[in-house]
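Next come the chains, spelled out residue by residue.
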Amino acid sequence: MDKRHLEETKEYLQKRGFEDPEIGIVLGSGLGKLVDKIEDQVIAHYNQIPFFPLATVEFHSGKLIYGNLCGKKVVVMQGRFHHYEGYDFVDITYPIRAMHQLGIKKLLISNAAGAINLDYKMGELMLIEDHINLQGGSPLAFKEVSAFGERFVDMSNPYDTELREQARSIAEKHDLPLNEGVYAAVVGPQLETRAEYRYLKIIGADAVGMSTVPEVIVANHLKLPVLAVSVLTDECDPDNLKPVDVEEILKVAGEAEPKMITLFTELIKLS
Ligand code: HPA
């Protein structure tokens, strides 16, 4: 990590018109349609942005989009980086640091996740209340970390209390079922075995996915209030497990997307 790199990334984006965004948004797999609502878009492809990692997974289009959403200036990551694509945790979270450098004051994150808690149903949303990092690494484990903030970052309340309260009241007002629970992050890209799903339940996870936690750790490092929502795309029932179908996961994510869009746009209006 090099501060000069971040500075160069910021200057490039500002020159392209990414001026003073207030809110940063990360859109998960199958959850890209929020960008259709952004007005006066400026688009920067990840592979054009200095020091950004390159996007690889087919279903991620890999763009940073700036514009106006519900009257607020936003910067949106359409597609994110995963450890399973071969990036290290510092690379994965570089765009979060870049958005912070541009001036965002809040971060909203979405992802697709499997439901470990079988009271939760496919296609429903889960507000992440806490997490378990099973990815075996940290985005803060690098030599120069102290130059960017504290090394021993407090994680006693990683998901912003006020944003979560706002999300709950929006869900109630719009009749959206909103579960709340613990997200466990695994590396992937293979899905879990039945024994792993049993283990995840025992350790207290309500949902499992392959992202989000590194970004949330860095947001906490930057003291950036963060909210994260999972779209539950499959039921992880170890006693009744069907072979996984990634197409099906993306389809469920797409069908649930309008709920996520309502939640995020209403949160933005309140910002
Ligand atoms: N496991 C891990 N990641 C996932 C899953 C799952 O069951 N569903 C969607 N992302």
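This text follows the structure it describes.
Criteria and thresholds
- Residues numbered from 1 in each chain as written.
- Predicted model: local features only at pLDDT ≥ 70, side-chain atom pairs only at ≥ 80, totals over all residues.
- Heavy atoms only, no water.
- Helix = DSSP H or I, 4+ residues; strand = E, 2+ residues; numbered from the N terminus.
- Rg over C-alpha atoms; globule rule 2.2 N^0.38 Å.
- Contact = heavy atoms within 4.5 Å.
- Areas by Shrake-Rupley, 256 points an atom, 1.4 Å probe, with all protein chains shown as cover.
- Lys, Arg positive; Asp, Glu negative; His and termini not counted.
- Charge placed at Lys NZ, Arg CZ, Asp CG, Glu CD.
- Near = heavy atom within 4 Å.
- Polar contact = N/O pair within 3.5 Å; in protein donor to acceptor, adjacent residues only side chain to side chain.
- Nonpolar A, V, L, I, M, F, W, Y, C, P; charged D, E, K, R; others polar.
- Salt bridge = Lys/Arg side-chain N within 4 Å of Asp/Glu carboxyl O.

Regarding the overall build of the protein
Helices and strands together make up the secondary structure of the protein, namely seven helices and nine strands. Over its C-alpha trace the protein gives a radius of gyration of 18 Å, about what one expects of a compact globule, namely 18 Å for 271 residues. Referenced to the eigenvectors of the C-alpha coordinate spread, the extents of the protein come out at roughly 55 × 40 × 35 Å. Long-range contacts, defined as pairs at least 24 residues apart, comprise 83% of the intrachain contacts of the protein with a sequence gap of at least 6. Carbon and sulfur atoms make up 50% of the accessible area of the protein, which totals about 11900 Å². Taken as two groups, the 28 positive and 41 negative side-chain charges of the protein have centres that lie 3 Å from each other.

Remarks on the site of the ligand
The immediate surroundings of the ligand are formed by 13 residues, with Gly114, Leu191, Glu192, Tyr197 and Asp234 found nearest. At a separation of 3.0 Å, an oxygen atom of the ligand approaches a polar side-chain atom of Tyr197. Within the side chain of Asp234, a nitrogen or oxygen atom sits 2.7 Å from a nitrogen atom of the ligand. A total of 250 Å² of accessible area belongs to the ligand in isolation, and the protein chains cover 94% of it. When contributions to the shell around the ligand are tallied by element, the ones reaching two or more residues are strand S5 (106-115), strand S8 (207-209) and strand S9 (226-235). Counting residues per element, the shell around the ligand draws most heavily on S5, at three residues. By residue class, the composition of the shell around the ligand is eight nonpolar, three polar and two charged.

A few points about the pattern of salt bridges
For the coordinates displayed, the defined rule picks out 10 salt bridges. The salt bridge partner of Lys10 is Glu7, with a shortest N-O separation of 3.6 Å. Linking Lys10 with Glu7, this pair stays in helix H1 (residues 3-16), spanning three residues, or about one helical turn. The closest approach of N and O atoms between Glu257 and Lys33, which form a salt bridge, is 3.9 Å. Separated by 224 residues along the polypeptide, Glu257 in helix H7 (residues 246-270) and Lys33 in the loop between strand S1 (23-27) and strand S2 (39-45) bring together distant segments of the chain.

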